[in-house]
Protein chains: 2
Amino acid sequence: MKLKIFPLAIAASFLMSLNATAEQVPSFSDEDLRVAAELRDQALETTMDYDIVESLTTEVGPRMAGTPGDAAAVKWGVAKLEELGFDKVWTEPVTFPTWKRGVETAEVVAPYPQPLVITALGFSIATPEEGLSAEIIQFDDLAALESAPANAAEGKIVFIRNRMERARDGSGYGPAVAARGQGASAAAKKGAVGILIRSIGTDTDRMAHTGVMRYEDGVKKIPAAALSAPDADLLENMTRRGNPVTVKMNIGAQNGEEYTSHNVIGEITGSEKPEEYVIIGAHLDSWDLGTGALDDGAGIGITTAAAKLILGLPERPKRSIRVIMFANEEQGLVGGKAYAEAHKDDIQNIITAAESDFGAGKIWRIDSKVKPEALSAVKQMAKVMEPLGISYGNNLAGGGPDLIPLRGKGISVFSLRQDGTDYFDYHHTPNDTLDKVNPESLNQNTAAYVIFAYLSAQMEGDFGTGFNQK
Amino acid sequence: MKLKIFPLAIAASFLMSLNATAEQVPSFSDEDLRVAAELRDQALETTMDYDIVESLTTEVGPRMAGTPGDAAAVKWGVAKLEELGFDKVWTEPVTFPTWKRGVETAEVVAPYPQPLVITALGFSIATPEEGLSAEIIQFDDLAALESAPANAAEGKIVFIRNRMERARDGSGYGPAVAARGQGASAAAKKGAVGILIRSIGTDTDRMAHTGVMRYEDGVKKIPAAALSAPDADLLENMTRRGNPVTVKMNIGAQNGEEYTSHNVIGEITGSEKPEEYVIIGAHLDSWDLGTGALDDGAGIGITTAAAKLILGLPERPKRSIRVIMFANEEQGLVGGKAYAEAHKDDIQNIITAAESDFGAGKIWRIDSKVKPEALSAVKQMAKVMEPLGISYGNNLAGGGPDLIPLRGKGISVFSLRQDGTDYFDYHHTPNDTLDKVNPESLNQNTAAYVIFAYLSAQMEGDFGTGFNQK
């Protein structure tokens with residue numbers, strides 16, 4: 001009633017402030033929550049997510065960055081998104097150096113000759129063609145190697161025996177993987193001619209786990225490979241006997257030409273604010289040893305099937321939803337960096353983002369990175385996920401590896417945290433195959449992603465930006 | 001009272017009959033049962049069994065018949081038995097044809113090119129050096145292949161997809177393994193140029209299971225290999241799409257020279273009836289892919305450690321005990337056949353026998369093959385095993401693969417039946433390594449074997465012979 005006595009400017013200012021307040025408390029309508037619950041229940045019944053993983057692993061299989069499998073995967077991704085009826089499907093170029101695996105064998109030469117199962121680490125140089133034979137010197141972990149006296153490993157092959165610990169959240173990976181990433185240069189600094197690490201994994205299968213390593217600038221490059229867990233045990237057992245153990249390793253890896261792959265993007269175009277969009281994504285590349293069913297075929301299946309369920313609604317959601325199949329995550333988050341760079345000028349259009357890249361285990365927790373005012377909406381969202389066994393965690397979400405570059409620019413992200421208890425049994429090994437994907441767990445993931453994507457696209461207000469996370 | 005009126009001859013005959021009756025009810029003294037229980041309890045605390053498996057797998061590793069590992073294993077066996085203080089240690093020659101594994105790769109050529117993980121079956125011939133490419137034709141099992149029309153597989157590579165079922169007693173092996181043993185000749189009869197079978201195993205690891213196959217006389221020999229379970233799944237998934245699937249396989253296997261290996265025998269010489277003896281044994285050879293920890297390092301560790309505990313007693317047992325490490329079980333029970341042939345003239349000296357060759361799972365049942373009069377003694381023996389969770393089964397024991405030739409000559413045998421639920425996850429694969437051996441389960445096995453060996457050596461009376469089993 002008082003309103004009519006206000007001058008127009010004051011009234012306008014008041015309305016803006018009301019509007020600002022409204023935007024400060026983002027929320028979902030009852031109808032949106034109802035639809036989200038419906039989509040969730042549909043997701044629990046779908047076979048689409050599994051069918052997509054089956055299609056990718058069967059029709060493409062291994063798709064390491066820069067290989068013919070990479071090109072086949074991009075072609076597959078475009079065709080799949082078009083076949084599923086996305087409103088727009090396009091690719092964006094991603095350029096990177098390549099690396100090729102060659103022969104990779106090793107054996108104990110003395111005192112107890114027998115073969116070892118190894119795999120070269122990504123970007124390792126080759127040994128001489130006739131192989132590299134040297135005595136091994138064992139270290140408990142990277143820190144022990146780094147604190148060894150200068151020349152401690154002179155002329156030897158360093159063997160780092162550290163074991164990764166199993167954990168639901170995969171928290172054993174970080175401490176263990178340093179040996180893979182930095183071990184070669186650390187060993188070279190102590191005079192080593194090669195390095196073998198115990199595989200960064202939690203299994204006891206006689207399969208070695210690959211993954212990238214990096215050479216430090218200015219340090220001599222030496223060949224680097226991972227031993228399977230049983231072979232690392234074997235070297236420990238031989239070493240414990242006290243006599244010198246001589247190992248021969250042959251690595252035929254080489255760097256290749258620069259290659260241009262593509263991020264593959266499918267968009268559901270929003271009905272009200274088409275320029276604003278939610279990202280759900282996964283990476284399309286894999287390592288070469290398995291068929292990349294868990295890493296990251298599962299993520300491709302989950303996010304694509306979630307979007308397809310939304311495409312099945314009678315109306316498009318208010319905002320757009322982009323499924324991004326990132327190129328070359330494995331060798332340096334290259335697709336994620338390319339996307340962040342290509343879209344740096346309209347980054348404010350990204351309402352929020354989540355990547356699925358931790359296998360096919362069930363989601364047990366949802367974490368957010370949103371402005372405080374949006375937390376009540378996040379909890380509304382989490383409530384719809386509750387029947388899936390998912391509870392709200394905290395506001396410290398990371399969002400996923402390919403979102404690191406975008407996250408660095410301050411966008412809101414969510415982490416739908418999967419049970420990774422078994423993930424590192426298979427990670428980066430030949431054992432990453434379709435049979436490891438549990439269709440029921442996959443459905444649960446798809447259900448969570450469809451709730452996340454749909455509600456984020458429908459939300460009144462926004463999650464905020466400018467978080468400036470690293 | 002009436003006795004004194006009998007003529008001497010009648011009295012003698014009566015006494016003989018009494019004596020015969022006594023022998024018809026074999027039994028153990030209370031002291032023997034007490035010692036057996038003590039040995040059992042010592043076995044549960046020993047590390048010797050595990051240490052022996054560790055020594056064999058570390059210091060020798062793979063020891064396929066006819067390879068340098070075979071020779072190293074024989075040397076190791078003699079040294080180990082001598083080091084442990086057996087009264088006599090000797091070897092007996094075992095001669096056989098050999099087979100060598102070479103390159104073994106396969107790939108789908110069309111419609112979805114990707115590599116496959118295979119391993120050649122023992123005695124497979126090689127493909128042409130440039131490989132063998134052909135369309136695959138899928139069969140549900142060997143029976144389906146055998147009942148297919150003539151020329152059904154003309155020019156094709158047969159793919160048999162049958163799956164082995166998991167069971168505690170390993171009963172899924174027999175029905176499934178026919179495809180491995182007889183598949184190649186069955187396929188060749190239908191015009192096939194090669195055969196790929198789903199590995200005979202219960203795991204889902206991307207490792208193929210090797211094992212012997214045989215060519216039928218007069219049938220064309222074609223190369224034969226096993227696919228890992230995930231790769232068999234992959235071929236099924238490709239085949240289901242309805243288009244021809246072309247596979248290329250390269251097998252570089254070849255037959256080698258005749259080779260003479262040795263059974264390695266360690267004897268504890270009996271104090272009263274040294275010529276009579278109990279056999280406990282296992283096979284010393286392994287396949288080449290793993291380190292033969294389960295197959296059959298575990299059996300070597302169990303039986304050798306059991307005997308060593310008996311060597312630790314203040315007195316030698318009444319009868320002798322022989323630990324036999326059989327040569328070349330894997331490629332045709334050759335060591336078992338050689339032993340039976342070499343000892344055919346004094347076979348009556350074998351009081352009974354048991355072989356451990358089913359991994360390191362706990363024993364859950366003891367079966368016997370003895371004369372009916374000895375069953376009460378067997379049940380006394382089983383009673384001492386009861387605290388180990390072992391109960392008596394039946395009188396239809398098989399005794400173990402290397403005892404088949406001896407069993408055919410009618411000797412008494414026992415089967416100490418192990419839990420084989422997981423055994424075929426690792427059987428004949430690279431995954432047969434030391435980490436799969438559970439020291440506690442191994443102890444339980446050693447405890448059962450020491451009871452069996454000691455009581456059989458001490459028993460009043462015998463288990464009988466002449467069972468004429470096949």
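Residues numbered from 1 in each chain as written. Chains lettered and ligands numbered in written order. Predicted model: local features only at pLDDT ≥ 70, side-chain atom pairs only at ≥ 80, totals over all residues. Heavy atoms only, no water.

With that out of the way, let us pick up the overall build of chain A. Of the regular secondary structure elements, chain A holds 13 helices and 18 strands. Overall size of chain A, expressed as C-alpha extent along the three principal axes, is 95 × 45 × 40 Å. Scored against the burial criterion, the 470 residues of chain A give a buried share of 61%. The long-range share in chain A, meaning contacts at least 24 apart out of those at least 6 apart in sequence, stands at 85%. Of the side-chain charges in chain A, 45 are positive and 64 negative, and the distance between the mean point of each set is 5 Å. (Helix = DSSP H or I, 4+ residues; strand = E, 2+ residues; numbered from the N terminus. Buried < 20%, exposed > 50% of the residue type's maximum accessible area, 1.4 Å probe, protein only. Contact = heavy atoms within 4.5 Å. Lys, Arg positive; Asp, Glu negative; His and termini not counted. Charge placed at Lys NZ, Arg CZ, Asp CG, Glu CD.)

Moving on, we come to the side chain of Asn237 of chain B. Its place among the elements puts Asn237 of chain B in helix H7 (residues 229–240). Polar contacts involving the side chain of Asn237 of chain B include one to the side chain of Arg240 of chain B, which spans 2.5 Å. (Polar contact = N/O pair within 3.5 Å; in protein donor to acceptor, adjacent residues only side chain to side chain.)

For the rest of this paragraph, the subject is the interface of chain B and chain A. Taken together, the contact pairs 32 residues of chain B with 32 residues of chain A. When the two sides are added together, the surface that chain B and chain A hide from each other amounts to roughly 2,200 Å², 47% of it contributed by carbon and sulfur. Seen at the junction of chain B and chain A, the total is six salt bridges. Among the salt bridges present, the one from Glu54 of chain A reaches Arg241 of chain B, with a minimum N-O distance of 2.7 Å. If you tally residues by element for the side of chain B that touches chain A, the top one is H7 of chain B, at six residues. Of the residues in the side of chain B that touches chain A, the class split is twelve nonpolar, eleven polar and nine charged. (Buried area = accessible area lost by both parts, 1.4 Å probe. Salt bridge = Lys/Arg side-chain N within 4 Å of Asp/Glu carboxyl O. Nonpolar A, V, L, I, M, F, W, Y, C, P; charged D, E, K, R; others polar.)

Moving on, we come to the nonpolar core. Val158, Leu235, Met381, Met385, Phe414 and Leu416 of chain B are the most contacted members of the largest nonpolar core, which has 133 residues in total. No fewer than three residues from each of domain 1 (27–98 + 258–458) and domain 2 (103–254) of chain B sit in this core. Formed by 132 residues, the second largest nonpolar core is a distinct cluster that contains Val53, Leu84, Leu145 and Val384 of chain A. (Core = buried A, V, L, I, M, F, W, Y, C linked by side-chain atoms within 4.5 Å. Domains from an automatic or database assignment.)

Another point: the sheet that holds strand S7 (residues 157–160) of chain A. Residue and element names in this part refer to chain A. Spatial ordering of the open sheet is given by S4-S3-S10-S6-S7-S8-S9-S5, a layout of eight strands whose pairing is mixed. On the outer flanks of this sheet lie strand S4 (114–116) and strand S5 (118–120), each paired with one strand and no other. Direction aside, the axes of adjacent strands within the sheet are offset by 35° on average. Pairing of strand S3 (residues 104–110) with strand S10 (residues 246–251) involves six bridges; the strand directions are antiparallel. Across the sheet, Glu107 pairs through a bridge with Lys248, a residue of S10. Sitting on the sheet, helix H6 (residues 173–189) is in contact with S7, strand S8 (194–198) and strand S9 (224–227), with an inclination near 150° to S8. (Pairing = 2+ DSSP bridges. Axes fitted to C-alpha atoms, helices over the stretch in contact; angles between N-to-C directions.)

Further remarks concern the relation of the copies chain B and chain A. When chain B is fitted to chain A, the residual RMSD is 0.0 Å, and the transformation amounts to a turn of 180° plus an axial shift of 0.0 Å. The transformation relating the two chain copies, once decomposed into turn and shift, fits a two-fold axis. Within chain B, Asp205 of chain B has its C-alpha nearest the rotation axis, a separation of 4.1 Å. An overlap of 100% is found between the interface residues of chain B and their copies at the interface of chain A, pointing to a shared contact surface. (Least-squares fit on C-alpha atoms with pLDDT ≥ 70 in both.)

All names here are of chain A. Assigned domains within chain A: domain 1 (28–93 + 260–458) and domain 2 (103–255). Summarising the inter-unit geometry, the C-alpha centres of domain 1 and domain 2 are found 34 Å apart. Listed as interface residues are 21 residues of domain 1 and, on the opposing side, 23 residues of domain 2. Taken together, the two surfaces of domain 1 and domain 2 that pack against each other cover about 1,700 Å², and 58% of this comes from carbon and sulfur. Per-residue buried area on domain 1 facing domain 2 is highest for Trp364, Phe424 and Asp425; these three make up 31% of the total on that side. Run the count over domain 1 and domain 2 and you get two salt bridges.

All names here are of chain A. With respect to the secondary-structure elements, Glu355 resides in strand S15 (residues 350–355). In this structure Glu355 is buried but unpaired, with Arg407 as the nearest side chain of opposite charge at 8.9 Å. Not counting the four nearest positions on each side in its chain, Glu355 is found in contact with Gly281, Ala282, His283, Asp296, Phe326, Gly399, Gly400, Pro401, Asp402, Leu403 and Tyr449.

Here the focus is the packing of helix H10 (residues 375–385) of chain B against helix H13 (residues 439–458) of chain B. Packed helix pairs are specified by the crossing angle of their axes together with the interaxial distance, meaning the distance between the axes. All names here are of chain B. Between H10 and H13, whose axes approach to 10 Å, the crossing angle comes to 145°. Between H10 and H13 the crossing geometry is right-handed. Between H10, through Met381, Val384 and Met385, and H13, the contact on the second element is made entirely by Ala448, Ile451, Phe452, Leu455 and Ser456. In terms of residue class, the contact of H10 with H13 is made up of seven nonpolar, one polar and no charged. (Left-handed = near helix turned anticlockwise from the far one by under 90°.)

Right, let's get into unusual backbone geometry. All names here are of chain B. Of the consecutive residues Ala110 and Pro111, the connecting peptide bond is found in the cis state with omega at 5°. With respect to the helices and strands, the residue Pro111 is situated in the loop between strand S3 (104–110) and strand S4 (114–116). Omega for the bond connecting Asp295 with Asp296 falls within 30 degrees of zero, at 15°, which places this linkage in the cis form. Along the chain, the position of Asp296 falls in helix H8 (residues 293–311). Unlike most non-glycine residues, Phe123 shows phi in positive territory, near 85°. Within the secondary structure, Phe123 is located in the loop between strand S5 (118–120) and strand S6 (132–139). Looking at Phe123, the relative accessible area reads 11%, which means it is buried. For Asn328, which is not a glycine, the phi torsion comes out positive at approximately 35°. As for its placement among the helices and strands, Asn328 is situated in the loop between strand S14 (319–326) and helix H9 (334–342).

Under the definition given, this model contains 18 aromatic pairs over all chains. Three or more aromatic residues joined by ring pairs make a cluster, and in this case those are Tyr173, Phe358, Tyr423 and Phe424 of chain A. Positioned over the ring face of Trp364 of chain A is Arg168 of chain A, at 3.4 Å from the centre of the ring. When the ring centre of Tyr277 of chain B is taken as origin, the NZ or CZ atom of Arg322 of chain B, which lies over that ring, is 3.7 Å away. (Phe/Tyr/Trp six-rings, centres within 6.5 Å; stacked < 30°, edge-to-face > 60°. Lys NZ or Arg CZ within 6 Å of the ring centre and 35° of its normal.)

At 3.6 residues per turn, the α-helix brings residues three or four places apart onto the same side. All names here are of chain B. Looking at H10, one finds that the buried residues are Ala377, Val378, Met381, Ala382, Val384 and Met385. An end-on view of H10 places all buried positions within 155° of arc, on one side of the element. Elements in contact with the buried residues of H10: helix H2 (30–43), strand S16 (363–369), strand S17 (391–392), strand S18 (413–418) and H13. (Arc of directions from axis to C-beta.)

Residue and element names in this part refer to chain B. Counting buried positions along S14 gives eight out of eight residues, so the element sits mostly inside the fold. Both strand S12 (residues 259–268) and S14 contribute to a ladder of five bridges, which runs antiparallel. Within S14, the position partnered with Gly266 by the bridge is Val323. Pairing of strand S13 (residues 273–283) with S14 involves eight bridges; the strand directions are parallel. Within S14, the position partnered with Tyr277 by the bridge is Ser320. Taking the sense of rotation as the criterion, the β-α-β connection linking S13, H8 and S14 turns out right-handed. (Right-handed = clockwise from strand over helix to strand, strands pointing away.)

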